[in-house]
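The chain contents come next:
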Amino acid sequence: MNSNYYAVIMAGGIGSRFWPVSTAEYPKQFHDMLGSGSTLIQKTFNRLHKFIPKENILVLTNESYNDLVLEQLPMLTQEQVVLEPAMRNTAPCILYAALKIKKSNPNAVMIVAPSDHWIEDENAFENDVKQCFAKCENEDVLCTLGVKPTFPNTGFGYIEFDKNPAAEIKKVNQFREKPDYITAKEFISQGNFLWNAGIFMWSVKTIVDAFKAFQPEQYQLFNSGIEAYNTPEEKKFIAKNYALAENISIDYAILEHSKSIYVLPATFDWNDLGTWGSLYDKLDKNESSNAVVGAQLLDRNASGNIVRTKNDKVVVLDSLDDFIVVDKDDVLLICPKEKEQDIKVILNEVKDKFGK
């Protein structure tokens, strides 16, 4: 394996659209959402470890998830779990991790990858990442992977790229916010738009220099602790200073400003597993088009449902189509798939009414 290859796994999200399975105390990346025998963060780690040394993989997460990370990834040391003492979006934690890596290896190239995505062809993923790494090692560029749209999805951001047919890795013209349906259809018809998968690659030098140029206050804050990084003094410095960082995403902090961003259209199937409906799309279905995880299902004139329970509970569905049925501990959710975006609202209503 290439000792200059590093990975940062982003594992701090709550995944509230997967309630009641995903909770603030035990979010979706630590669950086996696919019924595969591995949790999402375990699958992400294994995917990256195929070509990145184990000791070069960091996990960025909230302090409250430290024990969960080490329990599910026991091959990691405590030093590889980078803890955020405050919620400050993606830019501060990425800069923090990049400075830690740069101090250890100034020649490093790194991938920043979410912990909870589904990727089908892992060999294709590896090849795509290595292709971007090679560009990042030789040029001062920021790279990302984009996914060819299969329908006008309004839930993803889009990447507009230069149509130069000669280049495999395309120059990014701009990042576009989540569109409405009409705009999404226009994007797809133009042929030079990709879904933004939130997977980034760059050299540590290039990304740190980008922060220095576009976010000088953020850079000064975190760089002031460079002597403490990777030493016993690091925790004290971060506890004192992390909450002072601006709450801003990497998209707004860096990507909107840089003129040296490139995108490689991914050669693998991808799903961000953001909702129960997206999970349904990737699960195997029975003869009635029902997707089942952890349950024993008797379906009678019922189709298009996703059913999840624990311990092989018997579930009977009669004359029910296109519903989410999730049984977890003391909560049972039965909700039409078309209303899955309401689950965050439902969660808040349950908290207000029942204190759960």
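Residues numbered from 1 in each chain as written. Predicted model: local features only at pLDDT ≥ 70, side-chain atom pairs only at ≥ 80, totals over all residues. Heavy atoms only, no water.

## Description of the nonpolar core
Defined as follows: The criterion is simple. A nonpolar core is a set of buried Ala, Val, Leu, Ile, Met, Phe, Trp, Tyr and Cys residues joined through side-chain atoms within 4.5 Å. Burial here depends on accessible area, computed with a 1.4 Å probe over protein chains only, as a share of the maximum for the residue type. Under 20% is buried, over 50% is exposed, and the range in between is partly exposed. Segments assigned H or I by DSSP are reported as helices when at least four residues long, segments assigned E as strands when at least two residues long, and all are numbered from the N terminus. Whether two residues touch is decided by their heavy atoms; if any such pair falls within 4.5 Å, the residues are in contact.
Among the nonpolar cores identified, the biggest contains 48 residues, and Val-8, Met-110, Trp-202 and Phe-222 are the most heavily contacted of them. Among the elements that make up this core, the one with the highest residue count is helix H3 (residues 90–104) (nine residues). Contact partners of Val-8, with chain neighbours within four places excluded, come to Leu-58, Leu-60, Ala-97, Ile-101, Met-110, Ile-111, Val-112 and Ala-113. Judged by nonpolar contacts, the second largest core, of 47 residues, contains Phe-30, Val-109, Cys-132 and Val-147.

## With respect to the packing of H3 against helix H6 (residues 204–214)
Going by this rule: Note on geometry: axes are lines fitted to C-alpha atoms, helical ones only across the stretch in contact, with angles between N-to-C directions running from 0 to 180 degrees. When describing relative orientation, an angle under 35 degrees is termed roughly parallel and one over 145 degrees roughly antiparallel, while 65 to 115 degrees is termed roughly perpendicular and anything else oblique. Crossing handedness is defined as follows: a turn of the near helix away from the far one that is anticlockwise and smaller than a right angle gives a left-handed crossing, while the clockwise case is right-handed. Here the term charged refers only to Asp, Glu, Lys and Arg, the term nonpolar to Ala, Val, Leu, Ile, Met, Phe, Trp, Tyr, Cys and Pro, and the term polar to all other amino acids, Gly among them.
Orientation of H3 relative to H6, taken along the N-to-C sense of each, is 135°, at an axis distance of 9 Å. Taken as axis vectors, H3 and H6 run oblique relative to one another. Considering how the two elements wind past one another, H3 and H6 form a crossing that is left-handed. Here Ala-91, Leu-95, Ala-98, Leu-99, Ile-101 and Lys-102 of H3 come into contact with H6, specifically with Val-204, Ile-207, Val-208 and Phe-211. Its residues assigned to classes, the contact of H3 with H6 comprises nine nonpolar, no polar and one charged.

## Details of the sheet that holds strand E15 (residues 331–336)
Selection criterion: For two strands to be treated as a pair, DSSP must find at least two bridges joining them.
Strand order in the open sheet formed by four strands is E12-E13-E14-E15, and the pairing between neighbours is mixed. Two strands close off the open sheet at either side, each with one partner strand: strand E12 (291–300) and E15. Looking at each pair of strands side by side, their axes are set apart by 20° on average, direction ignored. Bridging between strand E14 (residues 323–328) and E15 involves six bridges; their strand directions are antiparallel. Looking across to E15, one finds that Val-326 is bridged to Leu-333.

## As for the packing of aromatic side chains
Under the convention used in this document: Side-chain rings of Phe, Tyr and Trp, where Trp is taken by its six-membered ring, are said to pair if the distance between their centres is within 6.5 Å; with planes under 30 degrees apart they count as stacked, over 60 as edge-to-face, and otherwise as tilted. Should the NZ of a Lys or the CZ of an Arg lie within 6 Å of a ring centre and within 35 degrees of the ring normal, that charge is described as sitting over the ring.
Tallied over the entire structure, the rule returns 17 aromatic pairs. Both rings, one in Phe-18 and one in Trp-276, keep their centres 4.8 Å apart while their planes meet at 70°; by these two values the pair is edge-to-face. Here Phe-18, found in the loop between strand E1 (5–10) and helix H1 (40–49), pairs with Trp-276, found in helix H10 (residues 276–282); they are 258 residues apart in sequence, far enough to count as distant. In this pair, the class of Phe-18 matches that of Trp-276, namely buried. Ring geometry for Phe-156 versus Trp-195: centroids 5.0 Å apart, planes at 70°, classification edge-to-face. Of this pair, Phe-156 sits in the loop between strand E6 (142–147) and strand E7 (158–161) while Trp-195 is found in strand E9 (residues 193–203), placing the two residues 39 residues apart along the sequence. Among the residues examined, Phe-156 registers a relative accessible area of 11% and is labelled buried. Counting every residue linked through ring pairs, the aromatic cluster contains Tyr-96, Phe-222, Tyr-229, Phe-237 and Tyr-242. When the ring centre of Tyr-262 is taken as reference, the NZ or CZ atom of Lys-171 above it lies at 5.8 Å.

## Here we look at helix H11 (residues 343–354)
Note the threshold: Helix span, expected: 1.5 Å multiplied by one less than the number of residues in the helix.
Over its twelve residues, H11 extends 16 Å from the first C-alpha to the last, a length consistent with the 16 Å expected when each residue adds 1.5 Å. Once H11 finishes, Gly-355 follows within two positions and takes phi at roughly 70°, a positive value.

## Points about the UniProt feature "domain: MannoseP isomerase/GMP-like beta-helix" (unreviewed entry) in the chain
To be explicit about the condition: UniProt positions are given in the numbering used here, feature names are shortened, and annotations may be inferred rather than shown by experiment.
Per the UniProt record, "domain: MannoseP isomerase/GMP-like beta-helix" (unreviewed entry) is annotated on residues 302–349. The distance from the first to the last C-alpha atom of residues 302–349 is 28 Å, and the span holds 15% helix and 52% strand.

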